[in-house]
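Here is what each chain is made of, one letter per residue.
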Amino acid sequence: MAASAGLFTSSIGKKYLMGITGLAWSLFVLMHMAANLLIFVSPKAYNAYSHVLISNPFIYVAEAGLVLLLLIHVYNAIKLTLENRAARGERAFLTTSGAKGVSSASKTMAAQGSLILVFTILHLITFKYGTVYMASYDGVVMRDLHRLVLEVFQSPGYVGWYVVALVALGFHLSHGFQSSFQSLGLNHPRYTPAIKKIGLFYAVIVAAGFIAQPVYVFLVHKQ
Amino acid sequence: MSTTHKSLNLTLKVWRQKPGAPGRFVTYPARNISTDMSFLEMMDVVNQDLIKKGDDPIAFDHDCREGICGSCSMTINGNPHGPDRETATCQLHMRRFTEGETITVEPFRARSFPVIKDLAVDRAALDRIMAAGGFVSVSTGNAQDANNIPVAKENADLAFDAAACIGCGACVAACKNASAMLFVSAKISQLALLPQGQVERERRARNMIAQMDKEKFGNCTNTGACEAACPKGITMENMARTYREFLKAELSKRH
Ligand code: FES
């Protein structure tokens, strides 16, 4: 009898982990994207929302949770990528195509993921740990993130880089969302077609919603 | 696709490799190939030419030549078993190709499928996975009456679909990760769906997955290349079922 491969260390266990952490982050990016749209409402709404978030002590727990989930996701992704490259053996020639081809999003998850990771780190440096401006609404002093956003997205290079990275995120989610359900053992002819459609719709909405902000600032709030 | 030609002249770029040595592509002409021939028959014609010239014929696996044994294993223009879905190499007709076409023929490539010679690869890793749990233990004695054990019609159908897997390894060859998940999931599903498979159900899921990992197949990332390449139409639904089986087995194990 072969020894058990282990719940989370087996090839299937890694799928569970990728699926769970991926889905959790999918929820987060959806919330983040929705909150960004407050820029279309008013500077006050935009700043007040982030003030509510960052003034709540629970935010540290949530942040730690997100970082932990991301670390598990990235660690497993690196492991998967290295193991899978090695498993291919001598195969640097042709790949499947035509009726047997697969989506390019599913084939380039590692590349998209690496780009998104770099983007996420730079994004945190630019905004979360960026210049601190203050604003005051009705006597409440809070961080003026709206002003920082307007400032950052004056640069066409910055806007371009954001668009590229967020398109990559869209691709990543377009495969990742529906793929998570499969990895968690949820595949059934009755609901899987719907999950795939929702996943695609979700990916487009998230990417488009995120891209809207820098593009809007660049075009409308030219300083 | 050619419908007018009764015979074709083609160029083959075939992977030639001796055991223990690095391989390379060698170009051969394939002349006067009837469009009614199967891909393997075309290979036979090319081999006859090679034999006549005193050359070493191209080694390739084949047996039933009717899509049921899973021996034939060629990657044709990048696609395991060629361009058509649910068609094994032996069932692929030459009418699918066009006059003057160059066809690249490779073995089923994966680290776990070492090349024996040319296009023939060693797929014993799949057999070892089967030996780890892809069976039911049956006590000897008189045969039971047929229909003695009731099986739900839906499960019988699903088990039958999973049992269509011929173990050719096209799923591994098609997968960018060289994962054997589709193969393993067909075997686990087939037995998990039937009453006869219940006794060893949990053990089977754990042992077959453990052996699969031990054979160093890659990790599945749900690209779906396996499903597209499968000559028997095994679906990824079997894989999802296998993940549920494995989770249940891991959570309920006592040692
Ligand atoms: S030779 Fe038996 S399946 Fe092709």
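A. Quick look at the sheet that holds strand 1 (residues 7-16) of chain B. Residue and element names in this part refer to chain B. The mixed open sheet is built from five strands, whose spatial order is 2-1-5-3-4. Only two strands of the sheet have a single partner each, and these edge strands are strand 2 (24-34) and strand 4 (79-80). Sheet analysis places strand 3 (residues 74-76) next to strand 4, joined by two bridges and oriented antiparallel. Directly across from threonine 75, in strand 4, lies its bridge partner proline 80. Against the sheet, helix 1 (residues 39-52) touches strand 1, strand 2, strand 3 and strand 5 (102-107), its axis set at about 105° to strand 2.

B. Structural detail: the packing of helix 5 (residues 181-192) of chain B against helix 6 (residues 201-214) of chain B. All names here are of chain B. At a minimum axis distance of 10 Å, the contact between helix 5 and helix 6 shows a crossing angle of 170°. Comparing their axes, helix 6 and helix 5 come out roughly antiparallel. The residues of helix 6 that touch helix 5, namely those facing Met181, Val184, Lys187, Ile188, Leu191 and Ala192, are Arg201, Arg204, Ala205, Met208, Ile209 and Met212.

C. Representation of the confidence of the model for chain B. With 98% of its residues at a pLDDT of 70 or more, chain B has an overall mean of 95. Among the prediction metrics, the complex's ipTM stands at 0.91, with pTM recorded as 0.93.

D. Seen up close, the environment of serine 34 of chain B. All names here are of chain B. Within the fold, serine 34 resides in strand 2. Overall, serine 34 belongs to the partly exposed group, its relative accessible area being 24%. Separated by 68 residues in the primary sequence, serine 34 and threonine 102 place their C-alpha atoms 16 Å from one another.

E. Examining the interface of chain B and chain A more closely. Between chain B and chain A, the contact holds 58 residues from the first and 41 residues from the second. Among the residues of chain B in contact with chain A, Lys176, Asn219 and Tyr243 of chain B are the three that bury the most area, contributing 16% of the side total. Scanning the region where chain B abuts chain A turns up zero salt bridges. Across the chain B-chain A interface, the total number found is 24 residue pairs in polar contact (both at pLDDT 80 or more). Those elements giving two or more residues to the side of chain B that touches chain A turn out to be strand 4, strand 5, helix 4 (170-174), helix 6, helix 7 (225-229) and helix 8 (237-252) of chain B. Considering every element that reaches the side of chain B that touches chain A, the biggest residue donor is helix 8 of chain B, with 10 residues. The class makeup of the residues in the side of chain B that touches chain A is 26 nonpolar, 18 polar and 14 charged.

F. Here's a closer look at the pattern of salt bridges. Residues and elements named next belong to chain B. Summed over the entire model, instances satisfying the criterion amount to 19 salt bridges over all chains. When the shortest N-O distance is used, the salt bridge between arginine 16 and aspartate 56 registers 3.7 Å. Of this pair, arginine 16 sits in strand 1 while aspartate 56 is found in the loop between helix 1 and strand 3, placing the two residues 40 residues apart along the sequence. We note a salt bridge from lysine 117 to aspartate 56, for which the minimum N-O separation is 2.8 Å. Of this pair, lysine 117 sits in strand 6 (residues 115-117) while aspartate 56 sits in the loop between helix 1 and strand 3, and the two are 61 residues apart along the sequence. Overall, lysine 117 belongs to the partly exposed group, its relative accessible area being 23%.

Reading the values: rules and limits
Residues numbered from 1 in each chain as written. Chains lettered and ligands numbered in written order. Predicted model: local features only at pLDDT ≥ 70, side-chain atom pairs only at ≥ 80, totals over all residues. Heavy atoms only, no water. Pairing = 2+ DSSP bridges. Helix = DSSP H or I, 4+ residues; strand = E, 2+ residues; numbered from the N terminus. Contact = heavy atoms within 4.5 Å. Axes fitted to C-alpha atoms, helices over the stretch in contact; angles between N-to-C directions. Parallel < 35°, antiparallel > 145°, perpendicular 65-115°, else oblique. pLDDT = per-residue confidence, 0-100. Buried < 20%, exposed > 50% of the residue type's maximum accessible area, 1.4 Å probe, protein only. Buried area = accessible area lost by both parts, 1.4 Å probe. Salt bridge = Lys/Arg side-chain N within 4 Å of Asp/Glu carboxyl O. Polar contact = N/O pair within 3.5 Å; in protein donor to acceptor, adjacent residues only side chain to side chain. Nonpolar A, V, L, I, M, F, W, Y, C, P; charged D, E, K, R; others polar.

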